[in-house]
Amino acid sequence: MNWQTGDFTWQFPRPTLVMGIVNVTPDSFSDGGKFIDAEAAAAHALQLAAEGAELLDIGGESTRPGAPPVDEAEELRRVIPVIEKLAGQTDTVISIDTQKPAVAQAATAAGARVINDIAAHRVDVAMWRVAAQTGAGYIAMHMQGTPQTMQNAPEYDDVIATMEAFFAERLEAMAAAGLPAEQVALDPGIGFGKTTGHNLALLAGLARFTRFQRPLMVGASRKSFLGGKVTERLGSSIACACRAAADGAGIVRVHDVRETAQALRAWEAIDQA
Ligand code: 7PM
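I will try to describe carefully the structure that is included in this document. (Residues numbered from 1 in each chain as written. Predicted model: local features only at pLDDT ≥ 70, side-chain atom pairs only at ≥ 80, totals over all residues. Heavy atoms only, no water.)

Near the ligand you find 15 residues, and of these Thr-63, Asn-116, Asp-187, Lys-223 and Arg-253 are the closest. One of the side-chain N or O atoms of Asn-116 is found 2.7 Å from a nitrogen atom in the ligand. For the ligand, the protein covers 85% of the area, taking 480 Å² as the surface of the free molecule. Tallied by class, the residues present in the shell around the ligand amount to six nonpolar, four polar and five charged. (Near = heavy atom within 4 Å. Polar contact = N/O pair within 3.5 Å; in protein donor to acceptor, adjacent residues only side chain to side chain. Areas by Shrake-Rupley, 256 points an atom, 1.4 Å probe, with all protein chains shown as cover. Nonpolar A, V, L, I, M, F, W, Y, C, P; charged D, E, K, R; others polar.)

Right under this line is the structure:
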């Protein structure tokens, strides 16, 4: 199976790809005031690449439950300078984490080769058109509700069956809109309109989604269902990454790249023995 991301094609099966998270928001990389320090964000991204990230996910809008949306001009101001700096300094594949077609368009023009769309539950032909026209990889993530409302008592009859139906329907709709499956990766959206029970069930049942023959992405890193303080979730985050890899995840989206890559490479060596 191939995953096309711009001018680069990934061949699966292969060792699980590590995507490093780079939040370009004022609480992460500010100059002390309200302006983003693009230089510091790019330096952090390069550090993650050196630690073993094969993809760098650049996001300018916090998707924290309850977080207010960021307007387009502000999102562009945050992420485009960082992507431009990175594209000039590394061949590591850059991903733009956005829900806005205009941001995806500008980001791909600046050098991003993947569009990470947490709003893939919305029919957004404009977003799919950007992916189709640029040849960028497209990550279709499931979310129930919106970031503002998603954690208000999420409910599913059968979360695995719901996810299977969602992936099947989205792949069909995207193909009909001219976005080939070869560009698409699927993500169950851990934490996005799910209880702890739903998140655990999705991780336990991940292998069910391999039938779509698309790369599966899992983002469990530091999420609240892991319990404990956010600064004390490294071990549990790594457990999720290794379990996801064992069940067929092609990509894991993580904060702690060095430690996660180390764990995955050891796990893979054992698996190959
Ligand atoms: C607060 C809560 C802040 C959760 C940030 C988050 C995913 C993603 C995020 C994911 C894909 C985080 C999340 N999670 N994109 N963006 N899959 N495709 O932990 O699981 O970074 S935001």
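Further remarks concern the pairing of strand β2 (residues 8-11). Where strand β1 (residues 2-5) meets β2, four bridges bridge the pair, whose relative direction is antiparallel. Within β2, the residue paired with Trp-3 across the bridge is Trp-10. As consecutive antiparallel partners, β1 and β2 are separated by two residues, and within that stretch Gly-6 has a phi angle of approximately 65°, a positive value. (Pairing = 2+ DSSP bridges. Helix = DSSP H or I, 4+ residues; strand = E, 2+ residues; numbered from the N terminus.)

Moving on to the packing of aromatic side chains. In the structure shown here, the tally under the stated rule is four aromatic pairs. Taking 5.8 Å as the distance between ring centres and 55° as the angle between the ring planes, the aromatic pair formed by Phe-166 and Phe-167 counts as tilted. Judged on exposure class, the residue Phe-166 and its partner Phe-167 are both buried. Relative to Phe-209, the ring of Phe-167 has its centre 5.4 Å away and its plane inclined at 90°; by these criteria the two rings are edge-to-face. With a gap of 42 residues between them, Phe-167 in helix α5 (residues 159-176) and Phe-209 in the loop between α6 (196-204) and β9 (216-218) connect regions that are remote in the sequence. Ring pairing ties together the aromatic residues Phe-166, Phe-167, Phe-209 and Phe-212, which thus form one cluster. (Phe/Tyr/Trp six-rings, centres within 6.5 Å; stacked < 30°, edge-to-face > 60°. Buried < 20%, exposed > 50% of the residue type's maximum accessible area, 1.4 Å probe, protein only.)

As for its position among the elements, Ile-160 is in helix α5. Residues Ile-160 and Gly-191, spaced 31 residues apart in sequence, show a C-alpha to C-alpha distance of 14 Å. Setting aside its immediate chain neighbours within four residues, Ile-160 contacts Ala-201, Leu-202, Gly-205, Arg-208 and Phe-209. (Contact = heavy atoms within 4.5 Å.)

This part is about the environment of Ile-270. Within the secondary structure layout, Ile-270 lies in helix α8 (residues 257-272). Taking the relative accessible area as the measure of exposure, Ile-270 reaches 65% and is therefore exposed. Between the C-alpha atoms of Ile-270 and Thr-98, which are 172 residues apart in sequence, the distance is 37 Å.

This part is about helix α7 (residues 234-246). When the terminal C-alpha atoms of α7 are compared, their 18 Å separation across 13 residues agrees well with the 18 Å that a helix rising 1.5 Å per residue should span. For α7, the set of buried residues is Ser-237, Ile-238, Cys-240, Ala-241, Cys-242, Ala-244 and Ala-245. Buried-residue contacts for α7 involve α6, β9, β10 (249-254) and α8. In the segment just after α7, Gly-248 is the residue with positive phi, at about 110°. (Expected span 1.5 Å × (residues − 1).)

Between helix α1 (residues 38-50) and helix α2 (residues 72-87), the least distance of the axes is 9 Å, while the angle of their chain directions is 50°. Classified by the angle between their axes, α1 and α2 sit oblique to one another. Regarding α1 and α2, the two cross each other, and that crossing is right-handed. Here α1 contributes Ala-38, Glu-39, Ala-41, Ala-42, Ala-45 and Leu-46 to the contact with α2, which in turn contributes Pro-81, Val-82, Lys-85 and Leu-86. (Axes fitted to C-alpha atoms, helices over the stretch in contact; angles between N-to-C directions. Parallel < 35°, antiparallel > 145°, perpendicular 65-115°, else oblique. Left-handed = near helix turned anticlockwise from the far one by under 90°.)

This paragraph deals with the nonpolar core. Judged by nonpolar contacts, the single largest core of 68 residues is most densely connected at Ile-58, Ile-115, Tyr-138 and Phe-209. With seven residues, the single largest contributor to this core is α5. Once residues lying within four places of it in the same chain are set aside, the contact partners of Ile-58 are Val-22, Val-24, Val-79, Val-82, Ile-83, Leu-86, Ile-94, Ser-95, Ile-96 and Asp-97. (Core = buried A, V, L, I, M, F, W, Y, C linked by side-chain atoms within 4.5 Å.)

Keep in mind these values describe shape, not function.
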